[in-house]
Amino acid sequence: MHALGLSLLLATTFSGAHRAPTLADWRTPYEQGLSLAGKSDWAGARAAFLIAVKARPNDDTRATLLPGPITERRTWREGAPYSANLLAAYCGVRSAAGLTDKDAQTALLRLVASELEGLYTRKQAGSNAAFLLAEVYGALAENDKRRELQTRLVNREWREDTAIIAPEQIAIVSPGNVVNPNPTPPVEPNPNPNPNPNPNPNVTPNPNPVTPAGTVRPLPNKYALIIGNSQTGVLDSNIPFAADDAGLIAEELAVYGGYPKENIVLLRDVTSAEIREAVKLLAEKVPLKSTVFFFYAGVGTSVNAKDYIAGTNATSAIDTANMVSKAEIYDAFTRRESMFFAFYEVKRSARTPSRIFGTEDVSAGPYAELQATVQGGGITSVVRNGKPTGMFTNAFVEVLREYRTNQIPLLSFAWSMFYKGGTTTEQTFVLPTIVLMNDDAKF
(Lines give C-alpha, C1' and ligand atoms only; values in the text may rest on other atoms or scores of the structure.)
Protein backbone atom coordinates (compact mmCIF):
# COMPACT_ATOMS: atom_id res chain seq x y z
CA MET A 1 0.00 0.00 0.00
CA HIS A 2 1.22 3.50 -0.79
CA ALA A 3 2.67 5.34 2.21
CA LEU A 4 0.01 8.08 2.12
CA GLY A 5 -2.78 5.53 1.89
CA LEU A 6 -1.32 3.59 4.81
CA SER A 7 -1.07 6.79 6.84
CA LEU A 8 -4.70 7.70 6.22
CA LEU A 9 -5.89 4.19 6.99
CA LEU A 10 -3.96 3.93 10.21
CA ALA A 11 -4.83 7.46 11.28
CA THR A 12 -8.50 6.72 10.74
CA THR A 13 -8.29 3.43 12.60
CA PHE A 14 -6.60 4.96 15.65
CA SER A 15 -8.42 8.29 15.93
CA GLY A 16 -10.98 7.49 18.58
CA ALA A 17 -12.09 10.79 20.12
CA HIS A 18 -11.20 11.36 23.77
CA ARG A 19 -10.03 7.77 24.10
CA ALA A 20 -6.91 6.78 26.01
CA PRO A 21 -4.35 5.04 23.78
CA THR A 22 -4.42 1.27 23.85
CA LEU A 23 -1.70 -1.27 23.08
CA ALA A 24 -3.04 -1.61 19.54
CA ASP A 25 -2.77 2.13 18.94
CA TRP A 26 1.02 1.97 18.76
CA ARG A 27 1.68 -1.75 18.33
CA THR A 28 -0.12 -2.17 15.01
CA PRO A 29 1.54 0.74 13.18
CA TYR A 30 4.93 -0.09 14.75
CA GLU A 31 4.79 -3.63 13.44
CA GLN A 32 3.53 -2.31 10.09
CA GLY A 33 6.62 -0.10 10.04
CA LEU A 34 8.90 -3.07 10.62
CA SER A 35 7.19 -4.95 7.81
CA LEU A 36 7.36 -2.08 5.32
CA ALA A 37 11.01 -1.40 6.15
CA GLY A 38 11.75 -5.05 5.44
CA LYS A 39 10.45 -4.36 1.91
CA SER A 40 12.58 -1.19 1.64
CA ASP A 41 9.46 1.00 1.64
CA TRP A 42 11.20 3.58 3.77
CA ALA A 43 8.62 6.34 3.30
CA GLY A 44 5.76 4.04 4.22
CA ALA A 45 7.66 2.65 7.20
CA ARG A 46 8.42 6.16 8.46
CA ALA A 47 4.77 7.13 8.21
CA ALA A 48 3.79 4.06 10.25
CA PHE A 49 6.39 4.68 12.96
CA LEU A 50 5.28 8.31 13.26
CA ILE A 51 1.72 7.14 13.91
CA ALA A 52 3.07 4.91 16.68
CA VAL A 53 4.84 7.96 18.10
CA LYS A 54 1.54 9.87 18.29
CA ALA A 55 0.06 7.11 20.44
CA ARG A 56 3.20 6.44 22.49
CA PRO A 57 5.53 9.46 22.28
CA ASN A 58 8.60 8.31 24.20
CA ASP A 59 11.07 5.61 23.23
CA ASP A 60 11.64 3.08 25.98
CA THR A 61 14.68 0.89 26.64
CA ARG A 62 12.69 -1.54 28.74
CA ALA A 63 10.64 -4.49 27.58
CA THR A 64 6.89 -3.84 27.16
CA LEU A 65 4.60 -6.06 29.19
CA LEU A 66 1.57 -7.47 27.38
CA PRO A 67 -1.84 -7.91 29.04
CA GLY A 68 -2.34 -11.21 30.81
CA PRO A 69 -2.27 -12.97 34.16
CA ILE A 70 0.57 -11.89 36.44
CA THR A 71 1.63 -15.51 36.69
CA GLU A 72 2.12 -15.64 32.92
CA ARG A 73 4.33 -12.63 32.28
CA ARG A 74 4.51 -11.94 28.54
CA THR A 75 6.53 -9.29 26.74
CA TRP A 76 6.09 -7.68 23.34
CA ARG A 77 8.44 -9.08 20.68
CA GLU A 78 10.37 -11.16 23.20
CA GLY A 79 11.36 -8.16 25.28
CA ALA A 80 12.39 -5.79 22.48
CA PRO A 81 12.75 -2.10 23.36
CA TYR A 82 10.32 0.45 21.92
CA SER A 83 12.18 2.76 19.48
CA ALA A 84 9.50 4.36 17.32
CA ASN A 85 11.24 7.76 17.23
CA LEU A 86 14.63 6.28 16.37
CA LEU A 87 13.26 4.03 13.64
CA ALA A 88 11.16 6.84 12.14
CA ALA A 89 14.33 8.91 11.93
CA TYR A 90 16.29 6.01 10.46
CA CYS A 91 13.64 5.50 7.78
CA GLY A 92 13.76 9.23 7.10
CA VAL A 93 17.48 9.04 6.40
CA ARG A 94 16.99 6.07 4.09
CA SER A 95 14.13 7.90 2.32
CA ALA A 96 16.24 11.04 1.89
CA ALA A 97 18.99 9.03 0.23
CA GLY A 98 16.57 8.15 -2.58
CA LEU A 99 15.34 11.70 -3.25
CA THR A 100 16.56 13.49 -6.37
CA ASP A 101 15.13 16.86 -5.31
CA LYS A 102 17.93 18.39 -3.21
CA ASP A 103 15.63 20.86 -1.48
CA ALA A 104 13.24 18.08 -0.46
CA GLN A 105 16.17 15.96 0.68
CA THR A 106 17.59 18.78 2.83
CA ALA A 107 14.18 19.52 4.35
CA LEU A 108 13.67 15.87 5.31
CA LEU A 109 17.16 15.59 6.82
CA ARG A 110 16.62 18.73 8.90
CA LEU A 111 13.36 17.28 10.20
CA VAL A 112 15.11 14.02 11.07
CA ALA A 113 17.86 15.95 12.84
CA SER A 114 15.29 17.71 15.04
CA GLU A 115 13.69 14.36 15.88
CA LEU A 116 17.02 12.85 16.94
CA GLU A 117 17.91 15.98 18.90
CA GLY A 118 14.61 15.48 20.73
CA LEU A 119 15.78 12.02 21.78
CA TYR A 120 18.93 13.57 23.23
CA THR A 121 16.86 16.17 25.09
CA ARG A 122 14.65 13.46 26.58
CA LYS A 123 17.72 11.30 27.41
CA GLN A 124 16.46 8.55 25.12
CA ALA A 125 19.41 8.48 22.73
CA GLY A 126 21.67 5.45 22.55
CA SER A 127 24.55 4.48 20.28
CA ASN A 128 22.50 4.18 17.09
CA ALA A 129 20.79 7.53 17.62
CA ALA A 130 24.20 9.17 18.13
CA PHE A 131 25.59 7.54 14.99
CA LEU A 132 22.56 8.55 12.94
CA LEU A 133 22.59 12.16 14.11
CA ALA A 134 26.29 12.47 13.24
CA GLU A 135 25.52 11.07 9.78
CA VAL A 136 22.72 13.59 9.27
CA TYR A 137 24.88 16.51 10.37
CA GLY A 138 27.53 15.31 7.93
CA ALA A 139 25.02 15.12 5.07
CA LEU A 140 23.85 18.66 5.88
CA ALA A 141 27.48 19.88 6.06
CA GLU A 142 26.83 21.12 9.60
CA ASN A 143 30.33 20.38 10.85
CA ASP A 144 30.06 22.62 13.91
CA LYS A 145 27.05 20.66 15.16
CA ARG A 146 28.79 17.41 14.33
CA ARG A 147 31.82 18.42 16.36
CA GLU A 148 29.64 19.61 19.24
CA LEU A 149 27.88 16.25 19.25
CA GLN A 150 31.14 14.65 20.36
CA THR A 151 30.96 16.55 23.65
CA ARG A 152 27.82 14.64 24.61
CA LEU A 153 28.42 11.31 26.31
CA VAL A 154 26.53 8.44 24.72
CA ASN A 155 24.30 6.32 26.97
CA ARG A 156 25.73 2.94 26.05
CA GLU A 157 23.24 1.21 28.36
CA TRP A 158 20.20 2.48 26.44
CA ARG A 159 18.81 -0.44 24.42
CA GLU A 160 17.46 0.30 20.95
CA ASP A 161 15.38 -1.73 18.52
CA THR A 162 17.76 -2.57 15.67
CA ALA A 163 15.44 -4.88 13.74
CA ILE A 164 15.60 -2.80 10.53
CA ILE A 165 18.97 -1.07 10.99
CA ALA A 166 21.72 -2.02 8.54
CA PRO A 167 24.07 -4.71 9.93
CA GLU A 168 27.16 -2.63 9.16
CA GLN A 169 25.87 0.20 11.35
CA ILE A 170 25.09 -2.21 14.18
CA ALA A 171 28.62 -3.64 13.90
CA ILE A 172 30.16 -0.19 14.15
CA VAL A 173 28.26 0.98 17.22
CA SER A 174 28.16 -2.30 19.15
CA PRO A 175 30.89 -2.43 21.83
CA GLY A 176 33.16 -5.45 21.82
CA ASN A 177 32.38 -6.48 18.27
CA VAL A 178 35.17 -7.22 15.84
CA VAL A 179 34.23 -4.70 13.20
CA ASN A 180 34.22 -5.66 9.57
CA PRO A 181 32.21 -3.00 7.77
CA ASN A 182 33.33 -4.33 4.37
CA PRO A 183 32.06 -7.90 4.10
CA THR A 184 33.50 -8.12 0.59
CA PRO A 185 37.27 -8.64 0.28
CA PRO A 186 39.46 -5.52 0.17
CA VAL A 187 40.46 -4.32 -3.28
CA GLU A 188 43.66 -3.22 -4.93
CA PRO A 189 44.50 -1.75 -8.38
CA ASN A 190 44.77 -3.92 -11.43
CA PRO A 191 48.44 -4.62 -12.26
CA ASN A 192 49.94 -1.65 -14.11
CA PRO A 193 53.52 -1.79 -15.44
CA ASN A 194 53.65 2.03 -15.69
CA PRO A 195 56.14 3.31 -13.05
CA ASN A 196 53.66 6.16 -12.36
CA PRO A 197 50.49 4.16 -11.75
CA ASN A 198 47.09 5.57 -12.55
CA PRO A 199 45.96 7.13 -9.25
CA ASN A 200 42.34 6.17 -9.89
CA PRO A 201 42.65 2.61 -11.24
CA ASN A 202 39.78 0.29 -11.86
CA VAL A 203 39.48 -2.06 -8.94
CA THR A 204 38.62 -5.71 -8.78
CA PRO A 205 37.92 -7.93 -5.79
CA ASN A 206 41.18 -9.24 -4.41
CA PRO A 207 40.76 -12.82 -3.19
CA ASN A 208 44.04 -12.65 -1.27
CA PRO A 209 44.48 -9.14 0.18
CA VAL A 210 46.96 -10.41 2.77
CA THR A 211 50.40 -11.68 1.81
CA PRO A 212 51.64 -15.03 3.09
CA ALA A 213 53.57 -13.15 5.80
CA GLY A 214 50.31 -11.64 7.07
CA THR A 215 50.88 -8.16 5.69
CA VAL A 216 48.01 -6.42 3.89
CA ARG A 217 48.94 -6.01 0.25
CA PRO A 218 50.35 -2.46 -0.21
CA LEU A 219 48.98 -0.06 -2.81
CA PRO A 220 51.56 2.04 -4.69
CA ASN A 221 49.50 5.26 -4.60
CA LYS A 222 49.30 5.47 -0.78
CA TYR A 223 51.71 7.72 1.12
CA ALA A 224 52.13 8.67 4.75
CA LEU A 225 53.87 11.44 6.69
CA ILE A 226 54.01 10.64 10.41
CA ILE A 227 55.46 13.04 13.00
CA GLY A 228 55.89 12.61 16.74
CA ASN A 229 57.44 15.39 18.81
CA SER A 230 57.89 14.53 22.48
CA GLN A 231 60.40 17.33 23.03
CA THR A 232 59.18 20.93 23.19
CA GLY A 233 59.87 24.26 24.79
CA VAL A 234 56.16 25.06 25.04
CA LEU A 235 55.22 25.04 28.72
CA ASP A 236 52.86 22.30 29.95
CA SER A 237 52.10 21.09 26.41
CA ASN A 238 54.43 18.18 25.79
CA ILE A 239 53.22 14.65 25.15
CA PRO A 240 56.06 12.42 26.43
CA PHE A 241 54.97 9.39 24.41
CA ALA A 242 54.39 11.27 21.12
CA ALA A 243 57.56 10.05 19.40
CA ASP A 244 56.85 6.42 20.34
CA ASP A 245 53.26 6.77 19.14
CA ALA A 246 54.46 8.00 15.75
CA GLY A 247 56.75 5.00 15.41
CA LEU A 248 53.92 2.61 16.29
CA ILE A 249 51.55 4.19 13.76
CA ALA A 250 54.19 3.89 11.02
CA GLU A 251 54.82 0.21 11.78
CA GLU A 252 51.14 -0.71 11.87
CA LEU A 253 50.19 1.14 8.67
CA ALA A 254 52.82 -0.81 6.76
CA VAL A 255 51.51 -4.15 8.04
CA TYR A 256 47.74 -3.66 8.31
CA GLY A 257 46.88 -0.59 6.21
CA GLY A 258 48.36 -1.25 2.78
CA TYR A 259 50.95 1.57 2.90
CA PRO A 260 54.27 0.62 1.22
CA LYS A 261 57.19 1.03 3.63
CA GLU A 262 59.10 3.09 1.08
CA ASN A 263 56.15 5.54 0.93
CA ILE A 264 56.07 6.16 4.70
CA VAL A 265 58.06 9.09 6.09
CA LEU A 266 58.57 8.95 9.86
CA LEU A 267 59.90 11.97 11.78
CA ARG A 268 60.55 12.06 15.52
CA ASP A 269 61.56 15.09 17.58
CA VAL A 270 62.14 17.39 14.63
CA THR A 271 62.29 21.16 14.18
CA SER A 272 59.87 23.22 12.13
CA ALA A 273 62.44 23.47 9.34
CA GLU A 274 62.74 19.67 9.21
CA ILE A 275 58.95 19.29 9.10
CA ARG A 276 58.69 21.83 6.29
CA GLU A 277 61.42 20.12 4.28
CA ALA A 278 59.80 16.69 4.70
CA VAL A 279 56.45 18.07 3.53
CA LYS A 280 58.12 19.61 0.47
CA LEU A 281 60.02 16.45 -0.50
CA LEU A 282 57.07 14.10 -0.05
CA ALA A 283 54.69 16.42 -1.93
CA GLU A 284 57.13 16.39 -4.87
CA LYS A 285 57.21 12.59 -4.78
CA VAL A 286 53.46 11.97 -4.54
CA PRO A 287 51.76 11.35 -7.93
CA LEU A 288 48.58 13.25 -8.76
CA LYS A 289 45.37 12.01 -7.15
CA SER A 290 47.09 9.82 -4.57
CA THR A 291 46.05 9.06 -0.98
CA VAL A 292 48.08 10.80 1.72
CA PHE A 293 47.87 9.91 5.42
CA PHE A 294 49.17 12.47 7.91
CA PHE A 295 49.66 11.88 11.64
CA TYR A 296 51.00 14.39 14.13
CA ALA A 297 51.49 13.89 17.86
CA GLY A 298 52.86 16.82 19.81
CA VAL A 299 52.13 20.47 20.46
CA GLY A 300 49.46 22.17 18.40
CA THR A 301 48.17 25.70 18.83
CA SER A 302 45.99 28.33 17.19
CA VAL A 303 47.24 31.89 16.69
CA ASN A 304 45.11 34.57 15.02
CA ALA A 305 42.57 31.89 14.01
CA LYS A 306 45.24 29.78 12.25
CA ASP A 307 46.35 26.32 13.38
CA TYR A 308 50.04 25.44 13.77
CA ILE A 309 52.05 22.36 14.71
CA ALA A 310 55.20 23.06 16.70
CA GLY A 311 58.73 22.01 15.94
CA THR A 312 60.97 21.07 18.85
CA ASN A 313 62.52 24.54 18.60
CA ALA A 314 59.26 26.36 19.47
CA THR A 315 59.56 28.21 22.78
CA SER A 316 55.95 29.25 23.41
CA ALA A 317 52.39 28.74 22.20
CA ILE A 318 52.68 31.85 20.01
CA ASP A 319 56.17 31.21 18.60
CA THR A 320 54.87 30.70 15.06
CA ALA A 321 58.34 31.34 13.60
CA ASN A 322 59.24 27.85 14.82
CA MET A 323 55.99 26.20 13.80
CA VAL A 324 54.40 25.04 10.55
CA SER A 325 50.87 26.11 9.66
CA LYS A 326 48.29 23.44 9.06
CA ALA A 327 47.17 25.26 5.90
CA GLU A 328 50.71 25.08 4.47
CA ILE A 329 50.79 21.30 4.93
CA TYR A 330 47.32 20.75 3.48
CA ASP A 331 48.01 22.96 0.48
CA ALA A 332 51.21 21.09 -0.39
CA PHE A 333 49.27 17.87 -0.93
CA THR A 334 45.79 18.97 -1.98
CA ARG A 335 47.23 21.00 -4.85
CA ARG A 336 48.46 17.61 -6.07
CA GLU A 337 44.76 16.65 -6.08
CA SER A 338 45.46 14.10 -3.36
CA MET A 339 42.95 12.79 -0.87
CA PHE A 340 44.45 14.04 2.40
CA PHE A 341 43.62 12.39 5.75
CA ALA A 342 44.97 14.08 8.90
CA PHE A 343 45.00 12.58 12.41
CA TYR A 344 46.06 14.75 15.37
CA GLU A 345 47.07 13.62 18.85
CA VAL A 346 47.25 17.13 20.32
CA LYS A 347 46.20 18.58 23.67
CA ARG A 348 43.31 20.99 23.21
CA SER A 349 43.16 22.35 26.75
CA ALA A 350 44.91 25.65 26.03
CA ARG A 351 44.93 28.26 28.78
CA THR A 352 43.51 30.74 26.29
CA PRO A 353 40.43 29.34 24.45
CA SER A 354 41.35 31.25 21.29
CA ARG A 355 44.54 29.16 21.09
CA ILE A 356 42.82 25.77 20.90
CA PHE A 357 44.18 23.76 17.99
CA GLY A 358 41.72 22.36 15.44
CA THR A 359 39.35 25.31 15.12
CA GLU A 360 40.56 26.47 11.70
CA ASP A 361 38.65 25.32 8.63
CA VAL A 362 41.35 25.30 5.98
CA SER A 363 40.47 26.53 2.49
CA ALA A 364 41.85 23.46 0.79
CA GLY A 365 40.51 20.16 -0.27
CA PRO A 366 39.70 17.42 -0.43
CA TYR A 367 40.72 16.61 3.13
CA ALA A 368 39.50 14.99 6.33
CA GLU A 369 40.67 15.80 9.84
CA LEU A 370 40.34 13.87 13.09
CA GLN A 371 41.20 15.17 16.54
CA ALA A 372 42.15 12.91 19.44
CA THR A 373 40.02 14.90 21.87
CA VAL A 374 37.22 17.45 22.08
CA GLN A 375 37.92 21.14 22.65
CA GLY A 376 39.21 21.62 26.18
CA GLY A 377 40.40 18.01 26.39
CA GLY A 378 43.82 16.57 27.12
CA ILE A 379 45.73 13.52 25.90
CA THR A 380 45.84 10.43 28.10
CA SER A 381 47.75 7.18 27.82
CA VAL A 382 47.28 3.47 28.36
CA VAL A 383 49.93 0.83 28.92
CA ARG A 384 50.73 -1.11 25.76
CA ASN A 385 53.56 -3.67 25.71
CA GLY A 386 54.81 -2.33 29.00
CA LYS A 387 55.06 1.36 28.08
CA PRO A 388 52.71 4.36 27.84
CA THR A 389 50.89 4.77 24.54
CA GLY A 390 48.40 7.48 23.66
CA MET A 391 44.81 6.34 24.07
CA PHE A 392 44.11 7.67 20.57
CA THR A 393 47.07 5.82 19.06
CA ASN A 394 46.18 2.63 20.89
CA ALA A 395 42.59 2.75 19.58
CA PHE A 396 43.87 3.49 16.05
CA VAL A 397 46.13 0.45 16.12
CA GLU A 398 43.52 -1.88 17.61
CA VAL A 399 40.90 -0.91 15.03
CA LEU A 400 43.40 -1.01 12.16
CA ARG A 401 44.23 -4.60 13.09
CA GLU A 402 40.54 -5.48 13.04
CA TYR A 403 39.95 -3.92 9.61
CA ARG A 404 43.11 -5.29 7.92
CA THR A 405 42.47 -3.69 4.55
CA ASN A 406 44.20 -1.46 2.02
CA GLN A 407 40.93 0.47 1.59
CA ILE A 408 40.13 1.79 5.10
CA PRO A 409 36.64 3.39 5.29
CA LEU A 410 37.20 6.68 7.11
CA LEU A 411 33.88 7.29 8.83
CA SER A 412 33.21 3.78 10.07
CA PHE A 413 36.87 3.54 11.14
CA ALA A 414 36.46 6.73 13.18
CA TRP A 415 33.29 5.42 14.81
CA SER A 416 35.05 2.18 15.63
CA MET A 417 37.87 4.15 17.27
CA PHE A 418 35.30 6.21 19.16
CA TYR A 419 33.75 3.13 20.70
CA LYS A 420 37.06 1.33 21.14
CA GLY A 421 38.46 3.89 23.55
CA GLY A 422 37.26 7.41 23.01
CA THR A 423 34.08 7.61 25.08
CA THR A 424 35.62 8.00 28.53
CA THR A 425 35.53 11.05 30.75
CA GLU A 426 39.34 11.25 30.52
CA GLN A 427 39.38 11.65 26.75
CA THR A 428 36.67 11.76 24.09
CA PHE A 429 37.64 11.30 20.45
CA VAL A 430 36.13 13.50 17.74
CA LEU A 431 34.52 12.30 14.53
CA PRO A 432 36.14 13.60 11.34
CA THR A 433 35.62 16.94 9.68
CA ILE A 434 35.25 16.05 6.00
CA VAL A 435 35.77 18.63 3.26
CA LEU A 436 35.14 18.03 -0.45
CA MET A 437 35.09 14.26 -0.16
CA ASN A 438 32.35 11.72 0.44
CA ASP A 439 31.62 10.17 3.83
CA ASP A 440 32.56 6.79 2.34
CA ALA A 441 36.08 7.99 1.45
CA LYS A 442 38.84 5.48 2.14
CA PHE A 443 42.43 6.03 3.24
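See above for the structure.
Bear in mind that the values here come from a model prediction, so they are computed numbers and not experimental data.

Novice: Summarise the side chain of Arg384; cite the residues concerned and give the values.
Specialist: Along the polypeptide, Arg384 turns up in strand β11 (residues 381-384). Here the side chain of Arg384 touches Asn394 through a polar contact of 2.7 Å, side chain to side chain. A polar atom in the side chain of Arg384 sits 2.6 Å from the side chain of Glu398. Leave out the neighbours within four places in its chain, and Arg384 touches Leu248, Thr389, Asn394, Val397, Glu398 and Arg401.

Novice: Give me the lowdown on the sheet that holds strand β4 (residues 264-268), citing residues and values where you can.
Specialist: Taken in spatial order, the 6 strands line up as β4-β3-β5-β9-β10-β13 in an open sheet, and their pairing is mixed. Strands at the two margins of the open sheet, each flanked by one partner only, are β4 and β13 (433-435). Sheet twist, expressed as the average angle between the axes of neighbouring strands with direction ignored, equals 10°. The pairing of strand β3 (residues 222-228) with β4 spans 5 bridges and is classified as parallel. Residue Gly228 lies in a different strand from β4, and its bridge partner there is Arg268. Docked against the sheet, helix α12 (residues 391-403) engages β5 (291-298), β9 (339-346) and β10 (367-371), running at close to 135° with respect to β9.

Novice: I'd like a rundown of the sheet that holds strand β7 (residues 306-310), residues and numbers included.
Specialist: Pairing is antiparallel in the open sheet, where 3 strands are placed in the order β6-β7-β8. The open sheet has two edge strands with one neighbour each: β6 (300-303) and β8 (323-325). Taking each pair of neighbouring strands and ignoring which way they run, the sheet shows an average axis angle of 35°. Relative to β8, β7 runs antiparallel, the two sharing 3 bridges. The partner of Ala310 across the bridge, within β8, is Met323. The sheet strands contacting helix α10 (residues 272-285) are β7 and β8, and the helix crosses β8 at an angle near 35°. Against the sheet, helix α11 (residues 326-334) makes contact with β7 and β8, and its axis sits at roughly 55° relative to β8, the strand it touches most.

Novice: If you had to explain the packing of α12 against helix α13 (residues 410-421) to someone new, which residues and values would you point to?
Specialist: Running from amino to carboxyl end, α12 crosses α13 at an angle of 125°, the nearest separation of the two axes being 9 Å. The angle between the axes of α12 and α13 places the two elements in the oblique class. As α12 packs across α13, the resulting crossing turns out to be right-handed. In this structure, α12 uses Met391, Phe392, Ala395, Phe396, Glu398, Val399, Leu400, Glu402 and Tyr403 to contact α13, whose residues at the interface are Ser412, Phe413, Ser416, Met417, Lys420 and Gly421. Taken together, the residues that form the contact of α12 with α13 break down as 9 nonpolar, 3 polar and 3 charged.

Novice: Give me α12: which residues, what numbers.
Specialist: Helix length check: α12, at 13 residues, gives a terminal C-alpha distance of 18 Å against a target of 18 Å (1.5 Å per residue), a fit within 8%. Buried residues dominate α12, accounting for 10 of its 13 residues. Within the span of α12, buried status applies to Met391, Phe392, Thr393, Asn394, Ala395, Phe396, Val397, Val399, Leu400 and Tyr403. Looking one or two places after α12, you find Arg404, whose phi comes out positive at around 45°.

Novice: Summarise the packing of aromatic side chains; cite the residues concerned and give the values.
Specialist: Under the defined criterion, the tally for this structure stands at 25 aromatic pairs. A centroid spacing of 4.9 Å and a plane angle of 85° characterise the contact between Tyr30 and Trp76, whose relative ring orientation is edge-to-face. Here Tyr30, found in helix α2 (residues 23-38), pairs with Trp76, found in the loop between α3 (42-55) and α4 (84-97); they are 46 residues apart in sequence, far enough to count as distant. Here the two residues Tyr30 and Trp76 agree in accessibility, since each one is buried. Connected via pairs of aromatic rings, a cluster forms that spans Tyr259, Phe293, Phe341, Phe343, Phe396, Tyr403, Phe413 and Phe443. Stacked on the ring of Trp26, the Lys or Arg Arg56 has its end atom at 4.6 Å from the ring centre. One cation-aromatic arrangement involves Arg56 over Tyr82; the distance from NZ or CZ to the ring centre is 4.0 Å.

The rules we used
Residues numbered from 1 in each chain as written. Predicted model: local features only at pLDDT ≥ 70, side-chain atom pairs only at ≥ 80, totals over all residues. Heavy atoms only, no water. Helix = DSSP H or I, 4+ residues; strand = E, 2+ residues; numbered from the N terminus. Polar contact = N/O pair within 3.5 Å; in protein donor to acceptor, adjacent residues only side chain to side chain. Contact = heavy atoms within 4.5 Å. Pairing = 2+ DSSP bridges. Axes fitted to C-alpha atoms, helices over the stretch in contact; angles between N-to-C directions. Parallel < 35°, antiparallel > 145°, perpendicular 65-115°, else oblique. Left-handed = near helix turned anticlockwise from the far one by under 90°. Nonpolar A, V, L, I, M, F, W, Y, C, P; charged D, E, K, R; others polar. Expected span 1.5 Å × (residues − 1). Buried < 20%, exposed > 50% of the residue type's maximum accessible area, 1.4 Å probe, protein only. Phe/Tyr/Trp six-rings, centres within 6.5 Å; stacked < 30°, edge-to-face > 60°. Lys NZ or Arg CZ within 6 Å of the ring centre and 35° of its normal.

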